[in-house]
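Okay, here's what each chain looks like letter by letter:
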Amino acid sequence: MGTSQTTVIVGGSIAGLLAAAAASPASEAVTIVERDDLPAGPEHRRGVPQGTQVHALLAVGQQNMERLLPGIVAELQEAGGTLVDGPGDLAVYTASGWTGRAPSDAKVVCARRPLIEWVIRKRVLTLPNVTVLKGNVTGLVANEDRTRVVGVSLRGADDVPADLVIDASGRSSKAPTWISDLGYDAPGEQELRSYVGYTTVPVRLPEDALPTGVAGVLSHPHPRNLRGGSVVPCDNGLHLVSALSMMNVDPPRDMPSLLEFVDRAASPVVGQVARTAEPVGDVVAYRMPGSRRRLWERLERRPEGFVAIGDAVMSFNPLYGQGMSLAAVEAVLLADTLADVSDLREPGLAGRIQGNFTATIETVFGIVVGTDSAYEGAELDGIEPPSADAAAFKKALSELATEDAEVSLAVKYVGHYFKPELLTAPAIREKVERWITEGRTSSKLDPTTIPGPVG
Ligand SMILES: Cc1cc2nc3c(=O)[nH]c(=O)nc-3n(C[C@H](O)[C@H](O)[C@H](O)COP(=O)(O)OP(=O)(O)OC[C@H]3O[C@@H](n4cnc5c(N)ncnc54)[C@H](O)[C@@H]3O)c2cc1C
């Protein structure tokens, strides 16, 4: 290590906290600069407006968080989080019918978002060299010839020096402007506007609200029905009822309209279960334009000492529950890159870290583009929609996944473990091609009854 070796992280949400854990071994000091007062418990805060909405932590996110913070999944459970077998115990109705349920190792941590953040924050702040500084970052500070970022400026307070600055300030990150202020091009962007709406309320369900062996039910919106809904477990024995909308359908804002909304989802089961629920919190709506990726890794000229992570790089349709998990994968990639580094000021380090995120980002972005570009009126900037062949393959896959356990698990594992290669395995391809050649269609289309697990 050199003489100072400090890392400054902008934003103390999930990506910022995990980046702090990742940078801690390679830094003498890690300072998280966060503009919110951080609550002492699992409470909602202004800087994370999406925190009121349904969140789940997928298996890939847990695995990567465990690398940085061993035992964190047990800590989430001790704090009240529930572990559910995603592919096995969640009943999911899609445009192709009920996806086949099959027991798996892809466990999902179900808990309200503020609880997840609070457990991670408590843990990260036990690291002796990590501290939080309350402050609103207003820009990047550069060296004299502007080749290197050497800190951040704050509103109404002194600059904070750093050898490495990591922007984890979320989807509304101002870093593209900050970098332009230093004389660099802002990163290019890819955007897919599918105008997503969410409404969530925490509820208590009667014991028998869901069939035995079913932990939650989701009816996804799809291009022929822009309204969806879900009832899934969260922490401390509660569930979350959510309305999910696409293409500018207004999310509901009170309990009666939430129930009416989910009644119009493709499967009536969500509405039936939701009507048995007793609300125990506020009904809160949230809207976002869709998915946006900032191409930080493609900058032709970049200053040393600056990296972006988490939603600041890509924030995307949250229907597949992947944002926190992507942040965890990126944080482990950051830790792995820093493990071989003896000086945070090593030339080229920031570009190398940023480039290492690209493959995983492309996997996740590919999932979103493959789904959301099918909506009529979805607006694509700088993105090619999938080819007709790829769309036909995807449709056949999801139909086959209603009745074939191997295919269903492969499809679900792409999301739960970010492993797209599972879908091109010869055994899966053969089955899908046979399905297409034989002109078969889904047999699990009856939306009124959740079928048992597939064999
Ligand atoms: C409706 C919805 C549902 C979602 N569901 C899921 C899900 O089921 N599973 C999942 O994994 N992900 C989900 N996500 C995504 C998830 O919320 C984010 O990916 C995750 O929180 C990581 O975000 P982040 O830490 O990069 O940014 P954020 O959580 O947005 O945090 C940014 C932080 O930076 C701070 N900040 C911003 N600007 C400044 C500044 N200038 N100075 C100092 N501090 C600043 C903010 O106060 C905040 O603390 C969902 C998102 C939405 C919108």
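Along every chain, residues carry numbers that run from 1 in the direction the sequence is written. Local features in this predicted model are restricted to residues whose pLDDT is 70 or higher, and side-chain atom pairs enter the listing and the counts only when it is 80 or higher, whereas totals over whole chains, interfaces and linings include all residues. Excluded from the side-chain calculations are hydrogens and water; all other atoms, namely the structure's heavy atoms, are used.

Some remarks on the overall build of the protein
Piece 1. Segments assigned H or I by DSSP are reported as helices when at least four residues long, segments assigned E as strands when at least two residues long, and all are numbered from the N terminus. The secondary structure content of the protein amounts to 14 helices and 21 strands.
Piece 2. A radius of gyration in this sense is built from C-alpha atoms; the matching globule rule multiplies 2.2 Å by the number of residues raised to 0.38. What you see for the protein is a C-alpha radius of gyration of 22 Å, in line with the 23 Å of a compact globule of 455 residues.
Piece 3. The principal-axis extents of the C-alpha atoms in the protein amount to approximately 65 × 50 × 35 Å.
Piece 4. Looking at the protein as a whole, 58% of its 455 residues qualify as buried.
Piece 5. Surface exposure of the protein reaches about 18,200 Å², of which carbon and sulfur atoms provide 52%.
Piece 6. Charged residues are defined here as Lys and Arg on the positive side and Asp and Glu on the negative side; His and the ends of the chain fall outside this count. Charge positions are represented by NZ for Lys, CZ for Arg, CG for Asp and CD for Glu. When the 42 positive and 56 negative side-chain charges of the protein are each reduced to one mean point, those points stand 2 Å apart. Think of it in three bands: with a 1.4 Å probe and only protein chains considered, a residue is buried below 20% of the maximum accessible area for its type, exposed above 50%, and partly exposed in between. For the area figures, the Shrake-Rupley method with a 1.4 Å probe applies, and any residue is considered shielded solely by the protein chains shown.

A short note on the environment of Gly-237
Piece 1. Tracing the backbone through its elements, the reader meets Gly-237 in the loop between strand 15 (227–233) and strand 16 (239–245).
Piece 2. Relative accessible area serves as the criterion here: at 58%, Gly-237 is assigned to the exposed category.
Piece 3. For the pair Gly-237 and Gly-81, spaced 156 residues apart in sequence, the C-alpha separation works out to 8.6 Å.

Digging into the pairing of strand 5 (residues 90–94)
Piece 1. Across the five residues of strand 5, five count as buried, placing the element largely inside the fold.
Piece 2. Of the two faces of strand 5, the one lined by Leu-90, Val-92 and Thr-94 and the one lined by Ala-91 and Tyr-93 are each fully buried.
Piece 3. Sheet topology note: the strand 5/strand 14 (residues 216–219) ladder contains four bridges and is parallel. Across the sheet, the residue bridging to Tyr-93 is Ser-219, located in strand 14.
Piece 4. As defined by bridge partners, strand 5 adjoins strand 6 (residues 97–98) across two bridges and the pair is classed as antiparallel. Considered in strand 6, the bridge of Thr-94 is made with Gly-97.
Piece 5. Hairpin connection of strand 5 to strand 6: two residues between the antiparallel strands. By this definition, two strands are paired if DSSP reports at least two bridges between them.

Some remarks on the site of the ligand
Piece 1. Residues in contact with the ligand amount to 34 residues; listed here are only the nearest, Ser-13, Glu-34, Arg-113, Asp-311 and Met-324.
Piece 2. One of the backbone nitrogen or oxygen atoms of Val-54 is found 3.3 Å away from a nitrogen atom of the ligand.
Piece 3. Isolated, the ligand exposes 1,000 Å² of accessible area, and the fraction of that covered by the protein chains is 95%.
Piece 4. It is helix 9 (residues 323–339) that contributes the most residues to the shell around the ligand, three residues altogether. For each residue, the test is whether any non-hydrogen atom lies within 4 Å of the molecule or strand; if one does, the residue is near. Side-chain atoms alone can form a polar contact between residues adjacent in sequence; in general such a contact is a pair of N or O atoms within 3.5 Å, and within protein one must be able to donate a hydrogen while the other accepts it.

Observations regarding the environment of Gly-81
Piece 1. Along the chain, Gly-81 falls in the loop between helix 3 (72–78) and strand 4 (82–85).
Piece 2. In this structure the C-alpha to C-alpha distance between Gly-81 and Asp-336, which are 255 residues apart in sequence, comes to 28 Å.
Piece 3. Throughout, a residue-residue contact means that at least one pair of heavy atoms, one from each residue, lies within 4.5 Å. With sequence-adjacent residues up to four places away left out, Gly-81 is seen in contact with Leu-76, Cys-110, Ala-111 and Asp-235.

As for the domain arrangement of the protein
Piece 1. Annotation comment: domain bounds sourced from an automatic or database domain assignment. We note that the domain assignment places domain 1 (6–55 + 114–188 + 295–367), domain 2 (193–289) and domain 3 (388–437) within the protein.
Piece 2. In this complex, domain 1 contributes 12 residues to the contact, which on the side of domain 2 involves 19 residues.
Piece 3. Reported buried area values correspond to the accessible surface (1.4 Å probe) lost by two parts on association, with both partners' losses combined. Between domain 1 and domain 2, the buried area comes to about 1,300 Å², and carbon and sulfur atoms account for 68% of it.
Piece 4. Three residues, Gln-53, Val-54 and Leu-319, lead the burial of domain 1 against domain 2; their summed loss comes to 47% of the area buried on that side.
Piece 5. Counted as salt bridges are all cases of a side-chain nitrogen of Lys or Arg within 4 Å of a carboxyl oxygen of Asp or Glu. Between the two partners, domain 1 and domain 2, sit zero salt bridges.
Piece 6. Here domain 1 and domain 2 share five residue pairs in polar contact (both at pLDDT 80 or more) between them.
Piece 7. Grouping the constituent residues of the side of domain 1 that touches domain 2 by class yields seven nonpolar, four polar and one charged. Side-chain classes are defined by residue name, with Ala, Val, Leu, Ile, Met, Phe, Trp, Tyr, Cys and Pro counting as nonpolar, Asp, Glu, Lys and Arg as charged, and the others, Gly among them, as polar.

So, the pattern of salt bridges
Piece 1. Tallying each qualifying case throughout the model produces 26 salt bridges.
Piece 2. Its salt-bridge partner being Arg-45, residue Glu-117 comes within 2.8 Å of it at the nearest N-O pair. One end of the pair, Glu-117, is in helix 5 (residues 113–124); the other, Arg-45, is in the loop between strand 2 (29–34) and strand 3 (56–57), with 72 residues separating them in the sequence. Each of the two residues, Glu-117 as well as Arg-45, counts as buried.
Piece 3. For Asp-381, the salt bridge identified is with Arg-193, shortest N-O distance 3.0 Å. Within this pair, whereas Asp-381 is found in strand 21 (residues 379–381), its partner Arg-193 is found in strand 13 (residues 189–204), the two being separated by 188 residues in sequence.
Piece 4. A relative accessible area of 17% means that Arg-193 is categorised as buried.

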